[in-house]
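# Observations on the model geometry
The lines below spell out each chain.
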Amino acid sequence: MAMHKELNQFKRTEVWDLVLKLASHKSIRTMWVFRNKLDESGIIVRNKARLVAKGYKQEEGVDYDETYASVARLEAIRLVLVFSCIMNFKLFQINVKSAFLNCHIEEAVYVDQPPGFVNYEHPNHV
């Protein structure tokens, strides 16, 4: 069920299109990462599944040139909190279920179909 939710999120946000794999292009393999979400008393309330790229198979300069991670540093968070206290700003917290980087890439990226969810009509597509 958790894997279906993850794939439905991809469909809703139109993250990928299924295309025929070309012999001249390498594709990135994928794997599922699972995690149990617990409540305050340690009881499992739901399961999460994330489809991730096996990035350790890539080589710098061959498969990619630069990497970016959208992570806030602790110092930046502290600075925002201090500034908001001084200026009497209201702060709100939100929980983002699925976040995608909003940038356009110039090259095509080919990713293998998720394990266990290969399209039976197009098994050689990526």
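Residues numbered from 1 in each chain as written. Predicted model: local features only at pLDDT ≥ 70, side-chain atom pairs only at ≥ 80, totals over all residues. Heavy atoms only, no water.

## Here's the deal with helix α2 (residues 74-86)
- For α2, with 13 residues, the first-to-last C-alpha span of 19 Å sits near the 18 Å given by 1.5 Å per residue.
- Once α2 finishes, N88 follows within two positions and takes phi at roughly 55 degrees, a positive value. (Helix = DSSP H or I, 4+ residues; strand = E, 2+ residues; numbered from the N terminus. Expected span 1.5 Å × (residues − 1).)

## Comments concerning the pattern of salt bridges
- All told, the structure shown has two salt bridges when counted by the stated rule.
- Here R50 makes a salt bridge to E6, at a shortest N to O gap of 2.7 Å. Residue R50 is located in strand β2 (residues 44-53), and its partner E6 is located in helix α1 (residues 2-13); the two are separated by 44 residues in the primary sequence.
- Between R73 and E75 there is a salt bridge, with the nearest N and O atoms lying 3.3 Å from each other.
- Overall, the relative accessible area of 48% leaves E75 in the partly exposed class. (Salt bridge = Lys/Arg side-chain N within 4 Å of Asp/Glu carboxyl O. Buried < 20%, exposed > 50% of the residue type's maximum accessible area, 1.4 Å probe, protein only.)

## Points about the nonpolar core
- Core analysis: the largest hydrophobic core is formed by six residues, namely A2, L7, F10, W32, A49 and L51.
- If you list the elements that add at least two residues to this core, you get α1 and β2.
- The element best represented in this core is α1, accounting for three residues. (Core = buried A, V, L, I, M, F, W, Y, C linked by side-chain atoms within 4.5 Å.)

## Examining the pairing of strand β1 (residues 30-38)
- In the sheet, β1 pairs with β2 via nine bridges, with the strands oriented antiparallel. For N36, the partnering residue across the bridge sits in β2 and is N47. (Pairing = 2+ DSSP bridges.)

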